[in-house]
Amino acid sequence: MNSSKPAGPATTNYRWVICALLFWVTTANYIDRGVFGNLAPEMPGRLQISKAEWDVAYWNMQMAFSAAYAVSMLLMGRLMDVLGLRWGFVFACAFWGLASLSHAFAPEIGGLFGSAVTGFFICRILLGLGEGGNFPAAIKTTAEWFPKRERALATGLFNSGSNIGGLLVPWALPFVIAFNIGGLALGWRGAFFITALIDLGWIVAWLLLYKKPADHPKVSPAELALIQSDAAEPAVKIPWRKLLPHKQMWAFAIAKFMTDCFWWFYLFGSPDFFNKKFNLDPAGRKYMIMMIYVVASVGSIAGGWLAGYFMKQGWTVNKARKITMLICSALVLPVVYSAITGDKWVAAVLITIAASAHQAWSANVFSLAGDMFPRRVVGSVTGLGGMIGAVGGMGLFYVTGKVLKQTGNYLPVFVMASLAYVVALLIVHLLVPKLEPAQIEEKAAS
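All values reported here derive from a predicted model rather than from experimental measurement.

**Structural notes on the overall build of the chain**
- A count of helices and strands for the chain gives 17 helices and 2 strands.
- Its C-alpha atoms give the chain a radius of gyration of 21 Å, within 12% of the compact-globule value 22 Å for 446 residues.
- A principal-axis box enclosing the C-alpha atoms of the chain has dimensions of 65 × 50 × 40 Å.
- In the chain, which comprises 446 residues, the proportion classed as buried is 56%.
- Look at the contacts in the chain between residues 6 or more apart in sequence, and 84% of them connect residues 24 or more apart.

Take a look at the structure:
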């Protein structure tokens, strides 16, 4: 603990202000990511191309986005460790904010290459290259500002921003498209100008409010002692290649690889699924998409809270984390029936439960990085694992495009979604039966 820190209030809770900033930026990240997916089912009419051509192109765009996101997770995670959170986070948010804004001009960008669709490919790739910075930075911030016993809850709280982002887009998009200024409607392009303003507002707030805990005037000695209550860590720098041999690294990466893709599927694919299976337009599917993300935000917080509750009852981190993940896995199993039922609300409820369970799962998977690795490499570990998770997304989007082309329905994708979490948890348990910390120092010295 920094004993030279000026005296302040006996107790502060400024770490939760930082958590609120993480919630805001995660919400913005998912708004930027989700606008295009909600516009996509009606985009063939706007671009005057066939729906069959658009279906293949759309899922190929998502595959390109995932490839760029994978690269971004790798590079941005390292950037946060090297550049630091204050400016590293600003760089990432500014990059993806400008990339999101570029979607407004995608047809014109594509026109330079002979096709409006090409413009959207370029914009999606740029967005993926920027958006991968959010989670490595947010997880590193959580590790920096919270003791281990609070990290899952903090992660669940900020990660619920992904659900709020997903909720706000289908709710606000019809109003944004129809809104006019001086008789000129904003239209679909105007949505991307709104996202840029949200990103800019967050950058200003982050620069005004963020500093390291030990340097922050609003953090009391008591709160700093709580933040630093875990065992001290040595400051040796660890290169990427020293992380790869650890089974802990692969447990985290496999959990991401096998499950992240399905959250992305719900985000990018739900509007199209409801459009194809139940012939719902934006107004008709709006409340279903909103329901998915409202309840999923509760799941994100509940997953972090439940693991923390178990720990307070005296359970080990290993038992608390895995039992919580097992509960999440069981809740996902019924989602396969979404593709079979003829009732749109049954399908929506099952997807809602699965999405909520995923977010609870995700809060605990993210916390695995902090459970098993020292703080100074959490950004790199999260980036590496996230990159591998994005590769899983690439694979799923490729398969989804092929499935839709061959069968015209989403049933095989929902079968995979139903089983993925149980299998992932089994692999994690086999690799790290006790969630034992990675022996970084020994490996680094060898």
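From this point, things continue past the structure.
**Examining the packing of helix α3 (residues 51-83) against helix α6 (residues 116-131)**
- α6 packs onto α3 with a crossing angle of 25° between their chain directions and a minimal axis gap of 6 Å. Here α3 lies roughly parallel to α6, going by the angle between them. Note that α3 runs across α6; the crossing there is right-handed. Across from W54, A57, N60, M61, Q62, A64, F65, A68, Y69, V71, S72 and M76 in α3, the residues of α6 making contact are V117, F120, F121, R124, I125, L127, G128, L129, G130 and E131.
- Across the contact of α3 with α6, the residue classes tally to 15 nonpolar, 5 polar and 2 charged.

**Here's the deal with the side chain of R321**
- Tracing the sequence through the fold places R321 in helix α13 (residues 317-332).
- Here R321 falls in the buried class, since its relative accessible area comes to 1%.
- Ignoring anything within four residues of it in the chain, the contact list for R321 reads A152, A307, M311, N364, S367, L368, D371 and L435.

**Remarks on unusual backbone geometry**
- Despite not being glycine, Q48 shows a phi value in the positive range, around 60°.
- Note on placement: Q48 falls in the loop between α2 (43-47) and α3.
- Although it is not a glycine, L435 adopts a positive phi angle of roughly 50°.

**Here's the deal with the nonpolar core**
- Of all hydrophobic cores here, the largest spans 127 residues; its most connected members are Y266 and F274.
- Leaving out residues up to four positions away in the same chain, F274 has contacts with N279, L280, R285, M288, I289, I292, K344, A347, A348 and I351.

**As for the packing of helix α12 (residues 282-312) against α13**
- Running from N to C, α12 and α13 point in directions that differ by 145°, and their axes come no closer than 8 Å. Of the two possible hands of crossing, α12 and α13 adopt the one that is right-handed. Facing α12, whose interface residues are G303, L306, A307, F310 and M311, α13 presents V317, A320, R321, I323, T324 and I327.
- Among the residues making up the contact of α12 with α13, the classes are represented as 8 nonpolar, 2 polar and 1 charged.

**Some thoughts on the side chain of N134**
- Note that N134 resides in helix α7 (residues 134-145).
- Residue class for N134 comes out buried when judged on its relative accessible area of 0%.
- Among residues more than four places away in sequence, those in contact with N134 are V25, T26, N29, F89 and W96.

**Details of the confidence of the model for the chain**
- Considering every residue of the chain, the mean pLDDT works out to 87; 93% of them sit at 70 or more.
- Residue range residues 1-9 is modelled with pLDDT below 50. Its contacts to residues more than four positions away, or to other chains, number 19 contacts.

**Focus: the environment of A52**
- Inspection of the secondary structure assignment puts A52 in helix α3.
- Overall, A52 belongs to the exposed group, its relative accessible area being 54%.

**Focus: the pattern of salt bridges**
- The final tally for this structure, using the stated rule, is 10 salt bridges.
- Its salt-bridge partner being K276, residue D55 comes within 2.9 Å of it at the nearest N-O pair. Placement of the pair is D55 in helix α3 and K276 in helix α11 (residues 247-278), with a sequence separation of 221 residues.
- According to the relative accessible area criterion, K276 is partly exposed, its value standing at 32%.

**Some words on helix α16 (residues 411-431)**
- Here α16 is 21 residues long and its end C-alpha atoms lie 31 Å apart, about the 30 Å a rise of 1.5 Å per residue gives.
- The largest bend in α16 amounts to roughly 35° and is located at A420.
- Residues V413, F414, A417, S418, A420, Y421, A424, L425 and V428 constitute the buried set of α16.

About the cut-offs
Residues numbered from 1 in each chain as written. Predicted model: local features only at pLDDT ≥ 70, side-chain atom pairs only at ≥ 80, totals over all residues. Heavy atoms only, no water. Helix = DSSP H or I, 4+ residues; strand = E, 2+ residues; numbered from the N terminus. Rg over C-alpha atoms; globule rule 2.2 N^0.38 Å. Buried < 20%, exposed > 50% of the residue type's maximum accessible area, 1.4 Å probe, protein only. Contact = heavy atoms within 4.5 Å. Axes fitted to C-alpha atoms, helices over the stretch in contact; angles between N-to-C directions. Parallel < 35°, antiparallel > 145°, perpendicular 65-115°, else oblique. Left-handed = near helix turned anticlockwise from the far one by under 90°. Nonpolar A, V, L, I, M, F, W, Y, C, P; charged D, E, K, R; others polar. Core = buried A, V, L, I, M, F, W, Y, C linked by side-chain atoms within 4.5 Å. pLDDT = per-residue confidence, 0-100. Salt bridge = Lys/Arg side-chain N within 4 Å of Asp/Glu carboxyl O. Expected span 1.5 Å × (residues − 1). Bend = angle between axes of the 7 residues up to and from the residue.

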